[in-house]
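# Examination of the molecular architecture
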Amino acid sequence: IICKDPYSSQSVSQTGKTPVALAFGDFRNEDIIDLAVLNYDEQSFDLLLGNSNKPYATEIIYDTGSAPSFIFTGDINGDELPDIIIANENDGTISVLLDNPDDSFQSTTTYQVGQRPVSVTSADFTGNGDFDVIVVNYGDNTLRLLFGTAGRFSEIYINIAVGLQPICIISGDFNLDGRVDWAVVNNGDNTINVGIARGFGIFETSQIYKVGHHPVAITTTDLNHDEILDLIVANYGDNSVSVLLGNDDGTFQAQISYDVGIGPNAIATADFNNDLHMDIALTLLNESSVSVLFGDGHGVAHDLNNDMNLDLVIVVMINDSVIIMLGNGDGTFRNRTKLRTGTQPSSVAINDFNNDQIPDLAVSNHGTQTISILLGRGNGNFQFHKMYECGVNPNSVVSADFNLDQNMDLAAANMGENSFSILLGTGNGTFPGHIRYLAEREPVIIMSNDFNVDNNTDIAVVNRLSNNVEIFFGGVNMTFSTIKHYGTDNQPGPAVAYDFNKDGKADLAVLHTLSNELYVFLNQCS
């Protein structure tokens, strides 16, 4: 079933002139989400109250300073209600609005902070139990630390010099000492400044790290499961994202750069695909789209050498090889090893083909109509075993026990002859002969799972020129007598079978690179 219109109803709420930023929170402590919208030209923000009957119809307007452009929400006075801090670019101020238990905020309090404030973070930076504020001043290359007491801020402050044109700040405990540190990204000199807290509002600020060109946003999370915060930076100028993995002393490793789409300008992290790995999402200003980098999503990840760390297998079609990179468990890799395959390798499947409890590789070779078997030695190294014929131009390969004999088999999508082949394994790493099944036009991706929940392994094939997904339901003796077609848009491409809604059944997702659409088929079998 294709869900083409998940948001069939919508509500439109009026705001002020030139809305530029949006925040949300349960501002009334009623378990209902309200919205706060900054209006740049009207020097105001709108509080739109959530309501189950007519959401966001009630608008309450509050004054801000000139050119409000950034909004921060959090409890800064300890009453367990979310308050609001707004950075006003043109008059060098921040506006602080403390939340009341009813539908309102207290009167706006304004604080002078510096030239062109553009970002704010709040935490207990002094360790006295009260929340303080650090403001990023883009115009004078400084941070200003304002000392807080119950949501009010002292006239005493500290200015901290940073890099050129600081633009975004985040805070967190980077060195695991119980104190709150900060990191600010500098748009003008392509760097990050890190401030490590030493107590009482004092920071060690000697750490400077290079990132990509014209960085504009920064966030922090633990990407590699070491319980240490890492840094992620969106670089608008070179269309990349920088990842700096944290060390337990508050320092960071050199950036790892990943290309994304054109004009990344905002960033968020979460486990978007429920695989227990943090992923990265970026808005792409110049493409009007969102880019998502899935954790452990480059190549195929598997523990190849039994050290409890994920390793990578990367298929390199132009060099007729696969590359093995052994993981260190901290997000870095070592021992880059190149293994020869057949001509134009197109995909890889990992499984134990000779029943020695060691993972092996099966590589489909698009240019030689074969599958290469590389048997693992248990230490991350592999020995070339043999090549087996399949169909013309195999483009994708998967592994499963199709005939239920406790030995792993292979299935390959043969793009050049509109078929897929099954190679039955013997349990000793050999695959004598193959069985060919007709598919529709230009099968490019093959997947296997029990799609109809009958305890038989089925096969799904993405047919690029037929614009569909074809499911072959497995039966006795691999007959695949029942076939079901699901239509898609023009030239479907990458696809994955995964239980997206956590109901215990395999769903399908198919990406269309020509039409910029993602089709999701949710499994309706009972």
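About the cut-offs
- Residues numbered from 1 in each chain as written.
- Predicted model: local features only at pLDDT ≥ 70, side-chain atom pairs only at ≥ 80, totals over all residues.
- Heavy atoms only, no water.
- Helix = DSSP H or I, 4+ residues; strand = E, 2+ residues; numbered from the N terminus.
- Buried < 20%, exposed > 50% of the residue type's maximum accessible area, 1.4 Å probe, protein only.
- Contact = heavy atoms within 4.5 Å.
- Areas by Shrake-Rupley, 256 points an atom, 1.4 Å probe, with all protein chains shown as cover.
- Core = buried A, V, L, I, M, F, W, Y, C linked by side-chain atoms within 4.5 Å.
- 1 Å grid on protein atoms, 1.4 Å probe; cavity = no way out; pocket = protein on both sides within 12 Å on 5 of 7 lines; lining within 4 Å.
- Points joined across faces, edges and corners; volume = space filled by probe spheres on them.
- Nonpolar A, V, L, I, M, F, W, Y, C, P; charged D, E, K, R; others polar.
- Pairing = 2+ DSSP bridges.
- Axes fitted to C-alpha atoms, helices over the stretch in contact; angles between N-to-C directions.
- Salt bridge = Lys/Arg side-chain N within 4 Å of Asp/Glu carboxyl O.
- Domains from an automatic or database assignment.
- pLDDT = per-residue confidence, 0-100.
- Patch = residues over 30% accessible without salt bridge, like charges linked within 9 Å, V, L, I, M, F, W, Y side chains within 5 Å.

### Concerning the overall build of the protein
A tally of regular secondary structure across the protein gives zero helices and 42 strands. Taking the principal axes of its C-alpha atoms as reference, the protein extends roughly 80 × 50 × 35 Å. Sorting the 526 residues of the protein into buried and exposed places 49% on the buried side. Sequence separation of at least 24 residues holds for 36% of the intrachain contacts in the protein that already meet a minimum separation of 6. When the accessible surface of the protein is totalled, it reaches about 23,700 Å², and 49% of it is carbon and sulfur.

### Observations concerning the nonpolar core
Within the largest apolar cluster, 16 residues are counted, with the highest numbers of intra-cluster contacts made by Ile134, Leu143, Ile169, Trp182, Val184 and Phe203. Elements with a minimum of two residues in this core: strand E9 (117–123), strand E10 (132–137), strand E11 (142–149) and strand E14 (181–186). Counting residues per element, this core draws most heavily on E11, at three residues. Among residues more than four places away in sequence, those in contact with Ile169 are Ser119, Val120, Thr121, Ile134, Val136, Leu143, Trp182, Ala183, Val184 and Ile218.

### A few points about the environment of Ile192
Tracing the backbone shows Ile192 in strand E15 (residues 191–199). The spatial distance from the C-alpha of Ile192 to the C-alpha of Gly475 is 58 Å, given a sequence separation of 283 residues. Residue contacts for Ile192: discarding those within four places in its chain leaves Ala183, Val184, Val185, Asn186, Gln207, Ile208, Tyr209, Val211, Ile218, Leu231, Val233 and Leu244.

### Focus: the layout of surface pockets
Of the volumes computed, that of the second largest pocket is approximately 960 Å³. Around the second largest pocket, the lining comprises 27 residues; the ones closest to its centre are Phe70, Cys168, Val216, Ala217 and Asn265. Going through the elements one at a time, strand E1 (19–25), strand E5 (68–74), E9, strand E13 (166–172), strand E17 (215–221) and strand E21 (264–270) are the ones with two or more residues in the lining of the second largest pocket. A per-class count over the lining of the second largest pocket returns 18 nonpolar, seven polar and two charged.

### Some thoughts on the sheet that holds strand E6 (residues 83–88)
One open sheet accounts for four strands, arranged E5-E6-E7-E8; its pairing is antiparallel. Pairing within the sheet leaves two strands with one partner each, and these edge strands are E5 and strand E8 (109–112). Mean inter-strand twist for the sheet, computed between neighbouring axes without regard to direction, equals 20°. Pairing between strand E7 (residues 93–97) and E8: four bridges, direction antiparallel.

### Some details on the pattern of salt bridges
A complete count under the given rule lists seven salt bridges for this structure. With a shortest N-O distance of 3.7 Å, Arg28 and Glu30 are connected by a salt bridge. Since its relative accessible area comes to 9%, Arg28 is described here as buried. The residue Arg179 makes a salt bridge to Asp177 at a minimum N-O spacing of 3.5 Å. Each of Arg28, Glu30 and Asp34 takes part in salt bridges that share partners, so that together they form one network.

### Some thoughts on the sheet that holds strand E41 (residues 507–512)
Taken in spatial order, the three strands make up an open sheet running E40-E41-E42, and their pairing is antiparallel. What marks the edges here is a single partner per strand, and that holds for strand E40 (495–498) and strand E42 (517–521). Ignoring strand direction, the axes of neighbouring strands in this sheet form an average angle of 15°. Bridge count between E40 and E41: four bridges; the pairing is antiparallel. Counterpart to Val496 in the pairing with E41 is Ala509.

### Observations concerning unusual backbone geometry
Here the phi dihedral of Glu80 falls at roughly 65°; this positive angle occurs in a residue that is not glycine. Note on placement: Glu80 falls in the loop between E5 and E6. With relative accessibility at 70%, the residue Glu80 sits in the exposed group. Even without being glycine, Phe200 reaches a positive phi, approximately 60°. Summarising the element assignment, Phe200 is placed in the loop between E15 and strand E16 (202–210).

### Focus on the domain arrangement of the protein
Segmenting the protein into domains produces domain 1 (162–300) and domain 2 (312–523). For domain 1 versus domain 2, the separation of C-alpha centres amounts to 35 Å.

### Topic: the side chain of Thr121
Structurally, Thr121 can be placed in strand E9. With sequence-adjacent residues up to four places away left out, Thr121 is seen in contact with Phe72, Asp132, Val133, Ile134, Ile169 and Ser171.

### Some words on the environment of Ile61
Positionally, Ile61 belongs in strand E4 (residues 58–63). Classification of Ile61 as exposed rests on a relative accessible area of 54%. On a C-alpha basis, the gap between Ile61 and Gly16 in space is 8.7 Å, while along the polypeptide they are 45 residues apart. The residues touching Ile61, leaving out its near neighbours within four places in the chain, are Ser44, Phe45 and Asp46.

### Regarding the confidence of the model for the protein
For the protein, mean pLDDT is 85; residues scoring 70 or higher make up 91% of the total. pLDDT under 50 marks residues 1–10. Its contacts with residues more than four places away, or in other chains, come to 10 contacts.

### Describing the environment of Pro117
Looking at where Pro117 falls in the secondary structure, it is placed in strand E9. A C-alpha to C-alpha distance of 49 Å links Pro117 and Thr337, two positions 220 residues apart in sequence. Excluding anything up to four places from it in sequence, Pro117 contacts Ser69, Ala87, Asn88, Glu89, Gly92, Thr93, Val135, Val136 and Asn137.

### Some thoughts on a nonpolar patch on the surface
A cluster of nonpolar residues, Val496, Phe500 and Leu522, forms a patch on the protein surface that exposes about 200 Å² of accessible area. Considering the arrangement of structural elements, one finds Phe500 in the loop between E40 and E41. On the basis of relative accessible area, Phe500 is assigned to the partly exposed category, the value being 31%.

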